Amino acid sequence: MSSIEKEIENESGRCIKCGFCNSVCPTLSAKDFSEYYGARGRMILANELIKKKNDDFFNFLKLSQKSFESCLSCYACLMECPAALNAGHVSELVRQLIVTLPRNKVAPNPISALITKPITKYGNPLGLRGKDYAWTKGISLPDKGDFLLFTGSLYQLMPYSSKLVKITSKLGEDSTRKLATLGSRFSSVIKISRLLYDPTINTRMQKIMKDIVKLLQISGVSFYYDADLEVYPGTYLYELGFEESFKEYAKKVSENFRKKGVKKIITIDPHTYDLLKNVYPKYTNFEYEVVYYLDLVQIDFNKTEMSATYHDPCHLSRHSNYFAKPRELISLIAKIREPTHYGSKTMCCGGPDELEFPGIASKISERRYSELKNTKADVILTSCPVCYVNLAKDESVMDIAEFLLENVSRKPIK
Amino acid sequence: MRSNQVLTEIISVVGEKNVLSNEVEKIPYMYDASLFHGELPELVVLPATTDEVSKVLEICNRYKTPIVPRGGGTSLTGGSVSVKNGIVLVLSRMESIEEISIEDGYVLAEAGVKLDDLNSKLSKYGYFFPPDPASSIAATIGGIISTNAGGLRGAKYGVVKDWVLGIEAVLPTGEILKLGNKTLKHNIGYDLTSLIIGSEGTLAVITKAYLKIWPLPEKIVRIIAYFNSIDKIGESLVEIKKSGIVPVMAEFIDNNYMRILRNNLNLKAPQGDVYAMLLDVDGAPEAIDRYVGKIKEILSSQGANEILSSSDPAEMENLRSVRKGAGSVLLLMRKKSTETTITSDVVVPPSQLPKFLMELNSMVAESGRLAPMLGHIGDGNIHVDIFTDLVDKVELEKALEFNEKIGLLALKYGGSISAEHGIGLEKKNMLVSEYDYRNSGKAISVMKDIKRVIDPNNIMNPGKIF
């Protein structure tokens with residue numbers, strides 16, 4: 001039994017199937033309560049899988065694969081499990097296991113394969129070039145400072161991924177998988193994504209990133225930007241289970257930082273923050289100080305009569321125990337109205353499923369959006385580009401950086 | 001062939017996506033929170049309305065296909081797994097709270113509403129539905145009525161049957177009955193509502209319920225006291241009861257449980273071999289300090305070596321979640337992966353607790369078994385979690401026998417073999433023992449007669465209770 005299989009057995013074998021996890025699993029209700037798509041169902045299926053041998057094992061894995069692939073890794077289940085078991089992590093382990101097995105027996109979701117191959121080949125999941133997502137046009141960024149500003153490319157990828165989601169949603173799950181299977185054989189085909197992007201989202205993402213820079217500048221933070229270090233950190237490789245590829249890739253990224261003398265890193269999105277802070281140290285000699293940009297914001301804001309609700313991104317709140325600072329800053333400007341699920345008990349926006357399971361992602365984002373609207377707050381804020389794109393169903397949804405900058409008590413530096 | 005026809009007809013009622021027929025999709029429904037491993041159901045069906053439930057039942061009855069109603073799948077006695085193949089009918093999609101009437105003191109909720117969701121909604125009106133099984137985060141209204149669940153607040157507020165005014169239930173024929181009413185009083189012939197409550201899905205499928213609601217207490221104080229031995233726990237409770245104070249909750253946790261809770265659920269308790277008593281007292285702010293003072297005085301006089309109290313919501317929630325999550329952390333104590341627990345669920349009159357707990361403790365010690373215990377001692381309800389090995393059939397049999405022995409001990413002290421978890425698959429023999437003990441074996445044949453009248457084809461959750 002491999003170490004991954006042992007870990008699956010240990011985690012799923014301790015589950016008493018009390019079902020507490022199901023009560024908060026977003027994919028369960030999004031799939032009309034079929035337990036195949038629920039946290040307890042995943043624990044049960046993982047435990048059944050690990051008991052099987054030879055062809056029975058592979059056949060069962062193929063049949064249960066979608067259960068694990070549809071897990072958002074939001075870890076809401078972990079928060080409710082009294083035995084501190086994590087169905088999200090079990091799903092990650094099964095995804096990792098699939099990647100290690102012979103392709104003629106079981107293969108990863110073709111969409112995963114399609115977007116992960118280009119990462120190792122082009123340093124980007126969509127085969128984009130630097131100029132495809134140049135966001136620094138029109139602003140001047142320092143080339144010296146204490147902190148490296150590392151974007152992790154997530155904001156830049158959103159215009160392209162949201163366009164792809166629109167296309168795959170129209171095609172349907174089966175046709176998308178067939179096309180992806182074909183496409184994954186020719187990784188260069190992904191470069192067609194360069195031509196497909198949502199210009200409105202592109203403009204908005206670039207504005208948000210520039211707003212973040214302005215917040216840092218007003219706060220007097222000593223930071224610099226190095227376009228050569230601005231690579232994709234391998235987030236998808238890790239999240240989709242390509243552990244070995246991720247390990248190699250992360251080592252290269254980490255080594256690049258070392259060569260360039262990086263000491264401290266500012267991240268601007270929850271996925272990159274979680275990856276660099278919590279995951280990189282497990283796989284590489286990563287000894288850099290990683291901070292989330294909000295921690296460095298020190299500005300006088302205008303107190304208003306507004307009310308605001310804040311959507312905690314899973315990778316920031318549950319994965320990184322980070323939920324106080326955004327509230328501290330927002331409360332300097334507006335009255336906070338918490339939704340039903342917040343802080344460590346936040347609810348996922350559905351984003352991680354948007355490419356592979358768009359139907360599930362869309363139902364979850366609708367539900368979360370309704371919950372946030374029910375607070376009747378004037379603005380809905382978040383600090384994750386994935387959450388933003390999934391929840392931006394009206395103009396009241398903003399990135400926290402935009403909101404903060406709009407309410408700075410003195411004019412930002414031009 | 002029967003299967004194919006049933007499948008086609010059921011799909012025409014609920015739609016293809018709400019019928020699970022692939023093996024791997026059905027496997028999760030072979031399990032609930034009990035140690036029982038059910039059979040793979042023929043189908044799993046997820047209706048959205050009472051009308052759909054009615055049509056599905058009519059089809060099943062016509063084809064004599066067994067049907068297992070299921071809510072959150074939190075049964076501790078195997079009540080929600082299939083043992084006769086057939087269909088598992090999952091009510092989770094029926095999750096709407098249709099009406100809340102503060103003036104008339106009731107809520108109308110569909111069967112799939114989760115208990116914590118109901119209370120979250122009611123709290124906005126300053127009200128609550130008091131019964132609170134430890135699984136309230138996942139347990140559904142239909143499920144808690146079917147098992148007549150109890151919970152932590154039973155000491156003051158009783159069990160589910162005390163809070164159900166009326167139900168909508170679907171008979172195996174598909175006929176929809178509205179039993180009881182939304183009014184607090186109604187004498188309308190035989191009390192069929194009470195007959196369905198606790199019948200574990202063997203008579204009808206509950207689709208909606210009128211539930212009585214109650215104003216939230218003005219103030220609650222949570223007290224935790226630690227003792228060095230079990231003998232004073234029961235005495236403490238008896239003395240509190242004699243004082244005229246009715247705690248909302250009075251929980252007992254033994255030394256074995258304390259070890260695992262201290263290590264895994266962030267419970268700051270004194271080191272060593274300690275037993276804990278957890279109490280909630282509610283009331284008007286002007287009076288509550290007096291109640292708390294009196295209880296502390298009693299606990300102290302009974303030898304509690306540490307007594308803490310709090311009305312801070314975060315601290316109170318931490319203590320409550322420790323108790324509520326206790327059952328789920330149990331398996332961290334096991335020595336190998338095939339070990340599991342049988343959860344005994346006995347009840348005795350609270351006045352008998354001092355002697356009963358002492359004898360139970362000796363019985364567990366003599367058996368040499370790992371069998372941690374806790375319970376809602378405010379109403380005399382004790383749970384013993386008996387460790388056993390699912391793979392070792394001889395050992396499993398012995399553990400089940402030990403469970404029955406605990407049941408017999410409860411009978412000796414004037415109690416019952418089942419308090420709040422139901423009979424399910426686990427306590428069928430013990431049910432017979434209890435009625436035989438009271439020379440009332442006829443009661444079971446009366447129950448079977450009732451079952452035959454309502455469900456002549458025996459399609460409703462067959463193999464459970466009897």
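About the cut-offs
Per-chain numbering applies: the sequence of each chain, read as written, is numbered from 1 onward. Just so you know, chain letters begin at A and ligand numbers begin at 1, following the order they were written in. Where totals are concerned, whole chains, interfaces and linings use all residues; where local detail is concerned, this predicted model gives features only for residues with pLDDT of at least 70, and gives and counts side-chain atom pairs only at 80 or more. The basis for the side-chain values is all heavy atoms of the structure; hydrogens and waters are excluded. A helix here means a DSSP run of H or I that spans at least four residues, while a strand means a run of E at least two residues long, and both kinds are numbered starting from the N terminus. Any residue under 20% of the maximum accessible area for its type is buried, any over 50% is exposed, and the rest in between are partly exposed; the area is computed with a 1.4 Å probe on protein chains only. Counting of polar contacts relies on pairs of N or O atoms within 3.5 Å, with two restrictions inside protein: one atom must be capable of donating a hydrogen and the other of accepting it, and residues adjacent in sequence are counted only when both atoms are side-chain atoms. Any pair of residues with heavy atoms lying within 4.5 Å of one another is described as a contacting pair. For any pair of parts, buried area is found by adding up, for both, the accessible area (1.4 Å probe) each one loses once the two are put together. In what follows, salt bridge is the name for a side-chain nitrogen of Lys or Arg lying within 4 Å of a carboxyl oxygen of Asp or Glu. Two strands pair under a simple rule: DSSP has to find at least two bridges between them. The convention used is that axes are lines fitted to C-alpha atoms, helices contributing only their stretch in contact, and that angles between N-to-C directions extend from 0 to 180 degrees. A pair of aromatic rings is counted whenever rings of Phe, Tyr or Trp (Trp by its six-membered ring) have centres within 6.5 Å, and the orientation is called stacked for planes under 30 degrees apart, edge-to-face for over 60 and tilted otherwise.

### Here's the deal with the side chain of R40(A)
Alright, step 1. Assignment of secondary structure puts R40(A) in helix α3 (residues 39–51).
Alright, step 2. On the accessibility criterion, R40(A) (0% relative accessible area) is buried.
Alright, step 3. A distance of 2.7 Å separates the side chain of R40(A) from the backbone oxygen of G73(B), its partner in a polar contact.
Alright, step 4. Setting aside its immediate chain neighbours within four residues, R40(A) contacts K17(A), C18(A), G19(A), C21(A), N22(A), E35(A), D32(B), R70(B), G72(B) and G73(B).

### Some points on the environment of A33(B)
All names here are of chain B.
Alright, step 1. Looking at where A33 falls in the secondary structure, it is placed in the loop between α2 (23–26) and β2 (43–45).
Alright, step 2. Looking at A33, the relative accessible area reads 12%, which means it is buried.
Alright, step 3. Along the chain, A33 and P131 lie 98 residues apart, while their C-alpha atoms are 19 Å from each other.

### Side note on the interface of chain B and chain A
Alright, step 1. Every contact between the two is made by 33 residues of chain B and, on the other side, 25 residues of chain A.
Alright, step 2. When chain B packs against chain A, the two sides together hide about 2,600 Å² of surface, and 64% of this comes from carbon and sulfur.
Alright, step 3. The largest per-residue losses of area from chain B upon contact with chain A belong to V24(B), I137(B) and S328(B), which jointly make up 23% of the total buried on that side.
Alright, step 4. Counting the contacts that link chain B with chain A gives two salt bridges.
Alright, step 5. A salt bridge links R70(B) to E35(A); the shortest N-O distance between them is 3.2 Å.
Alright, step 6. Taken together, the connections running from chain B to chain A amount to eight residue pairs in polar contact (both at pLDDT 80 or more).

### Concerning the pairing of strand β17 (residues 373–376) of chain B
Residues and elements named next belong to chain B.
Alright, step 1. Alternating positions in β17 separate into two faces, M373 and G375 on one and L374 and H376 on the other, with burial throughout.
Alright, step 2. Pairing between strand β13 (residues 249–253) and β17: two bridges, direction antiparallel. Across the sheet, F252 pairs through a bridge with G375, a residue of β17.
Alright, step 3. Two strands pair when backbone bridges link them, and β17 and strand β18 (residues 381–389) are joined in this way by four bridges, in the antiparallel orientation.

### Details of the sheet that holds strand β1 (residues 147–150) of chain A
Residue and element names in this part refer to chain A.
Alright, step 1. Pairing is parallel across the open sheet formed by four strands, whose spatial order is β2-β1-β3-β4. Whereas interior strands pair on both sides, the edge strands pair on one side only; in this sheet they are β2 (223–224) and β4 (289–292).
Alright, step 2. Here four bridges tie β1 to strand β3 (residues 264–267), and the two strands are oriented parallel to one another. Among the inter-strand pairings, L148 is bridged to a residue of β3, identified as I265.
Alright, step 3. Strands β1, β3 and β4 of the sheet are contacted by helix α13 (residues 270–283), whose axis makes an angle of about 155° with β4.

### What about the packing of aromatic side chains?
All names here are of chain A.
Alright, step 1. Enumeration according to the criterion identifies 22 aromatic pairs over all chains in this entry.
Alright, step 2. With a centroid separation of 5.8 Å and 65° between ring planes, the pair formed by Y273 and Y322 is classed as edge-to-face. On the criterion of sequence distance, the pair formed by Y273 in helix α13 and Y322 in the loop between α14 (314–317) and α15 (324–330) is long-range, its members being 49 residues apart. In terms of burial, Y273 and Y322 fall into one category: buried.

### Let's talk about the environment of Y127(B)
Residues and elements named next belong to chain B.
Alright, step 1. Residue position: Y127 is located in strand β7 (residues 127–128).
Alright, step 2. Owing to a relative accessible area of 17%, Y127 belongs among the buried residues under this scheme.
Alright, step 3. Each C-alpha atom, one on Y127 and one on I102, is 8.2 Å from the other, the two residues being 25 residues apart in sequence.
Alright, step 4. Setting aside anything within four residues of it in sequence, one finds Y127 in contact with I102, L122, I213, W214, P215 and L216.

### A look at the pattern of salt bridges
All names here are of chain A.
Alright, step 1. Per the stated rule, a full pass over the model turns up 40 salt bridges over all chains.
Alright, step 2. For the salt bridge of K105 with D55, the shortest nitrogen-to-oxygen distance reads 3.4 Å. Placement of the pair is K105 in the loop between α6 (87–100) and α7 (110–122) and D55 in helix α4 (residues 54–69), with a sequence separation of 50 residues.
Alright, step 3. By relative accessible area, D55 is classed as partly exposed at 44%.

Note that every value here comes from positions in space, so none of it alone points to a role or purpose.
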